[in-house]
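As a plain string of letters, each chain reads:
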Amino acid sequence: MKDYFAVLFTGGKSLIIGMIITLREFFRPVVTVQYPREKLVVTPNYRGHTYLVRDEEKPEKHRCITCGMCQRECPSGCIALGGEKREGVKGLVLTDYRLDFTKCSLCGTCVEICPTAALDFSQEYRAVGLRREDFHYDLLRMVEEGK
Amino acid sequence: MTESFFLPDLLRILFTFVCAIVIVFGNAVVMGYLERKLAGRFQRRPGPMEIGWQGVLQLAVDGVKLVGKQLVIPAQSDKVLYRIAPIVSFAPAALPLLVIPFSPKLQGRDFDVGLLFILAIVAINVLAILIAGWGSNNKYSLLGAMRSVAQNVAYEIPMLLTLLSVIMVTNTFSLQGIVEAQERIWFVFLMPVAFIVFFIATLAETNRAPFDLPEAESELTAGFMTEYSGMGFSLFFMAEYTYMFIACSLTVILFLGGWHGPPLPYADYTSAIWFFLKVYFLLIVMIWIRWTFPRVRFDQLMNFCWKYLVPFSLVHLLVTAVVVKL
C-alpha cells in the first residue's frame, strides 16, 4: 500500500519535472540556421581547397615564385605546376597551377612548405560538381579572374 | 406547426450545421499548424517556415497535396469496410458541436441529455478505428485497432465515473446547466482529482501521446492508418483533431467553467471568446504533453487505468456522494 502511493508520488513528480524542462526549452532561442538565407561564420581553421594568396600591395598579383616545392612535397601528387622564363623578369613566371582536388587529402604540407607563403586554405565549403573534372581547379586562373 | 415557427428554426439548424463544419475544418487547420509549430519550438526548431509568413500557409499546401493523392485500395483488403472507415470516423465528428454551449446563446440545441449525446457520438470513433484496422487486412492496422479498442474501453470507465461526480453536484445532464452551476466556483477547484483523472482519460480516449499506442509510429508504422493515403488519411486526421477539440470543450464545460470569465459587452454572445481561449489552452497543454513524454508500454497503460484511475475515480465518486448528501 505504501509502494502504491510512493509510485504515484515519484511518477507524478518526474512528469512535472519533464514538463518544466520542455517548457524551459520552449522559451530558449531557436538554434536552427535557415541555410540559404542565414549562414554560420566559417572558422579560420577550416580547410577548403588551397588557393594562391594575393599580394597585399598589388591585389592582382600572386606571390608564387614557381619553385615547385609544393608539387614535390605533395603526398597525393595532386599539384601540377608550370613555369617559363621571361625577358626582364627574375626567376620563373608561373603559367599554370593545377590542383586535383579529388585526390587532395588537405594535409597542409604544401601550405607549410611554401617559402613565400603563397598558398593558403580557402573557406570554400560548397564544392559541388557533376563531373570529376569540376574538381580539377586552376588556381592561377582563379587569381586572374579575381575569385 | 405554423410557418413563423418553422422558418427561424430551419435557419437555426442550417446556421448551426454551417458553424459546426466551419469549426471542424478551422480547428483542423489551426491545430495542424499549432502542433507542428509548437513541436518545433519544444525542440528548439522553428517549425514550418517556407510557405507564407512563418509557414502559415503550410497546411493549405498540404491539403492540396493530400487531395491530389491517389486513393490506393489494397488488393487484399475488405473493400467496403476499407472505404467507409474514414467516413465513419469523420462524419459523426461534427455532431457533438451541435450541443456544445459556446456561450449562453451560442448553442445549437440544449438537450437534457447533452452530455450523454456527446459521449455516445464520440464512442463511434472506436468503431471506425476497428473497421479501418480490420478492413485494411494488415497486421499493423489490426494490432493498432485492437489496442485502440482495449484502450478506449478501459479509459472510458474512469472518464464516466468522474463525470458522474460532476453530475451528482449539478443534478443535470444538460451542458448549459452544468456551466451555469459553475457561476460562483469552477469545479476544477472543488474536485481537482476528478479534473486530473478526466484529463488523463481524455488524452487516452483521443489517442494522444503518451497514450498513442494505436498509431505508434516506431512499432506499428501508423497503426490503423497504415494503408490509408490522400483524403482517407486526412479524414482520420481531421476527425482526430475534432475529437481533441470536443474532448477539451467537454473538460472546459465540466471543470473550467465553460464561458465564464471576466465580463464582456454583449456577454450572451462574446463570452464564447473565453470558451475558445480555455479550449485552446487545454489543446496547447495536450501538445506540450505530447512532446514531453515518451509513449507508455501497453501493460503500463492498462495498469495505470485499472490500478490508479479507476480506484481514484471510484473513491472520488464515493466522497462526492457523501459530501452532496451532507
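Source: prediction; values computed, not measured.

Criteria and cut-off values
- Residues numbered from 1 in each chain as written.
- Chains lettered and ligands numbered in written order.
- Predicted model: local features only at pLDDT ≥ 70, side-chain atom pairs only at ≥ 80, totals over all residues.
- Helix = DSSP H or I, 4+ residues; strand = E, 2+ residues; numbered from the N terminus.
- Rg over C-alpha atoms; globule rule 2.2 N^0.38 Å.
- Buried ≥ 20, exposed ≤ 12 C-beta atoms within 10 Å, placed from the backbone.
- pLDDT = per-residue confidence, 0-100.
- Expected span 1.5 Å × (residues − 1).
- Pairing = 2+ DSSP bridges.
- Axes fitted to C-alpha atoms, helices over the stretch in contact; angles between N-to-C directions.
- Core = buried A, V, L, I, M, F, W, Y, C linked by C-beta atoms within 7 Å.
- Contact = placed C-beta atoms within 7 Å.
- Nonpolar A, V, L, I, M, F, W, Y, C, P; charged D, E, K, R; others polar.
- Domains from an automatic or database assignment.

## Overview of the overall build of chain B
Now for step 1: Regarding its fold elements, chain B presents 14 helices and 0 strands.
Now for step 2: The secondary structure elements of chain B, listed N-terminal to C-terminal, are α-α-α-α-α-α-α-α-α-α-α-α-α-α.
Now for step 3: In terms of C-alpha radius of gyration, chain B reaches 20 Å, essentially the compact-globule figure of 20 Å for 326 residues.
Now for step 4: Its C-alpha atoms put chain B at 60 × 55 × 50 Å along the principal axes.
Now for step 5: Residues counted as buried form 41% of the 326 residues belonging to chain B.

## A closer look at the confidence of the model for chain A
Now for step 1: Residue-level pLDDT values for chain A average 85, and 97% of them are 70 or greater.
Now for step 2: Looking over chain A, one finds the lowest element-wise mean pLDDT in helix 4 (residues 139–145) of chain A, namely 79, and the highest in helix 3 (residues 109–113) of chain A, namely 89.

## Side note on helix 6 (residues 139–170) of chain B
Now for step 1: For helix 6 of chain B, with 32 residues, the first-to-last C-alpha span of 46 Å sits near the 46 Å given by 1.5 Å per residue.
Now for step 2: A positive phi of about 65° marks N171(B), the residue just after helix 6 of chain B.

## Considering unusual backbone geometry
Residue and element names in this part refer to chain B.
Now for step 1: Positive phi outside glycine occurs at Q54, with the angle close to 55°.
Now for step 2: Residue position: Q54 is located in the loop between helix 1 (3–42) and helix 2 (58–68).
Now for step 3: C-beta crowding within 10 Å serves as the criterion here: with 14 such atoms nearby, Q54 is assigned to the partly exposed category.

## A look at the sheet that holds strand 3 (residues 92–100) of chain A
Strand pairing in a sheet relies on backbone hydrogen bonds, with the paired strands running either antiparallel or parallel.
Residue and element names in this part refer to chain A.
Now for step 1: Within the open sheet, the 3 strands sit side by side as 2-3-5. Their pairing is antiparallel. This sheet does not close on itself; its edge strands, each paired only once, are strand 2 (79–85) and strand 5 (136–138). Averaged over all pairs of adjacent strands, the angle between strand axes in this sheet comes to 20°, irrespective of strand direction.
Now for step 2: With 3 bridges connecting them, strand 3 and strand 5 associate as antiparallel partners. Residue pairing across strands places R98 opposite D138, the latter belonging to strand 5.

## Section: the nonpolar core
Now for step 1: Grouped together as the largest cluster of nonpolar side chains are 78 residues, with contacts concentrated most on F198(B), A201(B), M244(B), C248(B), L254(B) and L283(B).
Now for step 2: By residue number, the principal contributor to this core is helix 11 (residues 230–255) of chain B, which donates 17 residues.
Now for step 3: Contact partners of L254(B), with chain neighbours within four places excluded, come to V166(B), I178(B), F187(B) and F198(B).
Now for step 4: Formed by 19 residues, the second largest nonpolar core is a distinct cluster that contains C78(A), Y97(A), C114(A) and Y137(A).

## A short note on the interface of chain B and chain A
Now for step 1: In this assembly, 11 residues from chain B lie in contact with 11 residues from chain A.
Now for step 2: For the side of chain B that touches chain A, the class distribution of residues is 7 nonpolar, 1 polar and 3 charged.

## Some thoughts on the domain arrangement of chain A
Now for step 1: Each assigned domain of chain A is listed with its residue range as follows: domain 1 (1–31) and domain 2 (50–145).
Now for step 2: Centre-to-centre separation of domain 1 of chain A and domain 2 of chain A, based on C-alpha positions: 59 Å.

## Concerning the environment of L256(B)
Residue and element names in this part refer to chain B.
Now for step 1: The residue L256 is located in the loop between helix 11 and helix 12 (267–270) in this model.
Now for step 2: Classification of L256 by C-beta neighbours within 10 Å gives buried; the count is 23.
Now for step 3: In sequence terms L256 and K105 are 151 residues apart; their C-alpha atoms lie 18 Å from each other.
Now for step 4: Those residues in contact with L256, other than ones at most four positions away along the chain, are W186, V188, T251 and K278.

## Brief notes about the environment of R54(A)
Residue and element names in this part refer to chain A.
Now for step 1: Mapped onto the elements of the fold, R54 is located in the loop between strand 1 (50–52) and helix 2 (69–73).
Now for step 2: By the C-beta count within 10 Å, which is 15 here, R54 ends up partly exposed.
Now for step 3: Distance in space between the C-alpha atoms of R54 and E144 is 9.9 Å, their sequence separation being 90 residues.

## Observations concerning the environment of L52(A)
Residues and elements named next belong to chain A.
Now for step 1: By secondary structure assignment, the location of L52 is in strand 1.
Now for step 2: According to the C-beta neighbour criterion, L52 is buried, with 21 such atoms within 10 Å.
Now for step 3: Residues L52 and V31, spaced 21 residues apart in sequence, show a C-alpha to C-alpha distance of 35 Å.
Now for step 4: Discounting residues that sit within four places of it in the chain, L52 has contacts with H62, C64, Y97, A118, L119, L139, L140 and V143.

## Points about the confidence of the model for chain B
Residue and element names in this part refer to chain B.
Now for step 1: Here chain B shows a mean pLDDT of 84. Residues at 70 or above account for 98%.
Now for step 2: Put simply, helix 10 (residues 217–220) is where chain B has its lowest mean pLDDT, 72, and helix 13 (residues 272–290) is where it has its highest, 89.
Now for step 3: Of the two predicted TM-score estimates for the complex, the pTM is 0.80 and the ipTM is 0.72.

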